[in-house]
Amino acid sequence: QKEVEQDPGPLSVPEGAIVSLNCTYSNSAFQYFMWYRQYSRKGPELLMYTYSSGNKEDGRFTAQVDKSSKYISLFIRDSQPSDSATYLCAMKGNYQLIWGAGTKLIIKP
Amino acid sequence: NAGVTQTPKFQVLKTGQSMTLQCAQDMNHNSMYWYRQDPGMGLRLIYYSASEGTTDKGEVPNGYNVSRLNKREFSLRLESAAPSQTSVYFCASSRQSYEQYFGPGTRLTVT
């Protein structure tokens, strides 16, 4: 079993929909939880990070961490075609980042 | 301010050939990383350097060597390329390990 599991998709939704992206993990030592966005043929870029449990909001994006369930989510409100990308979750405990495989998101105009 | 730059962008090698991937950052970050990205596998850490003069193995170091030339530059060398090393290679740098800045990647094909 991988330490971080993420559904690869693709997830296809109409423009304006609320998108929910998720990762599960097995290592209770993880303390930092990150979401990176990767456009096609580009490097990943950090979207948001959360330390420990709770919610964090940045514009149309909300990150949620539930450490009791070992489950993290990224919500995108009012999704736009420009949000079409692969979203990777990443987690950090004492050492280096452990990455999910990424979910490909397609927003249809 | 270019961020993280990588050369080359594309490369085709024959089995057994060697090559060096170059990476440079202009953000004065102490830490630098080399990853490979394969379909369905996510990013896997090959080597990292927490500071100038130090390097450590990551998850998949076999077949690779690295050099932290100075604070700005971190190179990855394939001594004898194998088809299993066909991948997209990303270099990254960071001040805090959770906030990594990535280069545009090198697409390597080994035939």
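The paragraphs below set out a description of the structure included in this document. (Residues numbered from 1 in each chain as written. Chains lettered and ligands numbered in written order. Predicted model: local features only at pLDDT ≥ 70, side-chain atom pairs only at ≥ 80, totals over all residues. Heavy atoms only, no water.)

1. Re the side chain of B:Q37
Part 1 of the reasoning: On the secondary structure map, B:Q37 appears in strand β4 (residues 31–38).
Part 2 of the reasoning: Given a relative accessible area of 16%, B:Q37 falls into the buried group.
Part 3 of the reasoning: At 3.0 Å, the side chain of B:Q37 and the side chain of A:Q38 are in polar contact.
Part 4 of the reasoning: The contact partners of B:Q37, leaving out residues within four places of it in the chain, are A:Q38, A:L88, B:G42, B:L43, B:S87, B:V88 and B:F90. (Helix = DSSP H or I, 4+ residues; strand = E, 2+ residues; numbered from the N terminus. Buried < 20%, exposed > 50% of the residue type's maximum accessible area, 1.4 Å probe, protein only. Polar contact = N/O pair within 3.5 Å; in protein donor to acceptor, adjacent residues only side chain to side chain. Contact = heavy atoms within 4.5 Å.)

2. Examining the interface of chain B and chain A
When the parts of a complex come together, some accessible area is lost, and that lost area is often used as the size of the interface.
Part 1 of the reasoning: Each partner contributes residues to the interface: chain B has 19 residues there, and chain A has 18 residues.
Part 2 of the reasoning: Summed over both partners, the interface of chain B with chain A comes to about 1500 Å²; 57% of that surface belongs to carbon and sulfur atoms.
Part 3 of the reasoning: Those elements that provide at least two residues to the side of chain B that touches chain A are β4, β5 (42–49) and β10 (100–102) of chain B.
Part 4 of the reasoning: When residues in the side of chain B that touches chain A are grouped by element, the largest group, four residues, is from β5(B). (Buried area = accessible area lost by both parts, 1.4 Å probe.)

3. Re the state of the cysteines
Residues and elements named next belong to chain B.
Part 1 of the reasoning: If you walk through the whole model with that rule in mind, you get two disulfides over all chains.
Part 2 of the reasoning: Across the disulfide, C23 is cross-linked to C91 (sulfur-sulfur distance 1.8 Å). Residues C23 and C91 are joined by a disulfide whose S-S torsion is about -70°; by sign, that bridge is left-handed. Remark: C91 occurs in strand β9 (residues 87–94) and C23 occurs in strand β3 (residues 19–25); sequence separation between them is 68 residues.
Part 3 of the reasoning: C23 gets classed as buried once you look at its relative accessible area, which sits at 3%.
Part 4 of the reasoning: With relative accessibility at 0%, the residue C91 sits in the buried group. (Disulfide = S-S within 2.5 Å.)

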